[in-house]
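Architecture and fold: a report
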Amino acid sequence: MVSNPEAPRVFISSASQDSAVATRAVALIERAGLRSWTSTRDVPAGHDHGEVVPDAIAGSEAVLLLLSKDAVTSPWVLREVEHAISKQVPLAPVALPSFPGVESLPK
């Protein structure tokens, strides 16, 4: 994790099935000198996911949204997106290979 607590933080929103991609995103973000937050790593033991995540999003400068076939059907991802929008936290969507229709996106 980045040692600078003042570095901007990026919240990673992804389906649990995409945890390997989320882990790689965390590594890249932190290698760039930013902080990241992901529920698989950063929800403290014994805390409720639904209570911790909104504060994490509100305290972030951006949300990296990893879009996949699983993410578009995940109620957790939907809640995270809705919260980011309501708090006016910028969203940066990235379509993963399993995202429906990704093959038709411009390269």
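Data block above holds the structure.
First things first, this report covers the structure right here in the doc. This is a predicted model, so every value here is computed, not measured.

1. Remarks on the sheet that holds strand β2 (residues 35–37)
Sheet architecture is open: four strands sit in the order β2-β1-β3-β4, paired in parallel fashion. The strands lining the two open edges of the sheet, one partner per strand, are β2 and β4 (91–95). Going across the sheet, the axis of each strand differs from the next one's by a mean of 25 degrees, ignoring polarity. Note that strand β1 (residues 9–13) and strand β3 (residues 62–67) share four bridges and pair parallel. Residue pairing for β3: F11 is matched across the bridge by V63.

2. What about the side chain of E30?
Looking at the element boundaries, E30 is found in helix α1 (residues 19–31). Owing to a relative accessible area of 14%, E30 belongs among the buried residues under this scheme. In this structure the side chain of E30 is engaged in a polar contact, spanning 3.1 Å, whose partner is the side chain of R41.

3. Details of the environment of S19
Within the secondary structure, S19 is located in helix α1. Judged by its relative accessible area of 33%, S19 is partly exposed.

4. So, the packing of aromatic side chains
One pass over the structure, following the stated rule, counts one aromatic pair. The interplanar angle of 10 degrees and the centroid separation of 5.2 Å between the aromatic rings of F11 and W37 together place this pair among those described as stacked. Here F11 is found in strand β1, whereas its partner W37 is found in strand β2, with 26 residues between them in sequence. In terms of burial, F11 and W37 fall into one category: buried. Cation over ring: R79 sits above W76, and NZ or CZ is 4.8 Å from the ring centre.

Procedures and definitions
- Residues numbered from 1 in each chain as written.
- Predicted model: local features only at pLDDT ≥ 70, side-chain atom pairs only at ≥ 80, totals over all residues.
- Heavy atoms only, no water.
- Pairing = 2+ DSSP bridges.
- Helix = DSSP H or I, 4+ residues; strand = E, 2+ residues; numbered from the N terminus.
- Axes fitted to C-alpha atoms, helices over the stretch in contact; angles between N-to-C directions.
- Buried < 20%, exposed > 50% of the residue type's maximum accessible area, 1.4 Å probe, protein only.
- Polar contact = N/O pair within 3.5 Å; in protein donor to acceptor, adjacent residues only side chain to side chain.
- Phe/Tyr/Trp six-rings, centres within 6.5 Å; stacked < 30°, edge-to-face > 60°.
- Lys NZ or Arg CZ within 6 Å of the ring centre and 35° of its normal.

These figures capture arrangement, not role.
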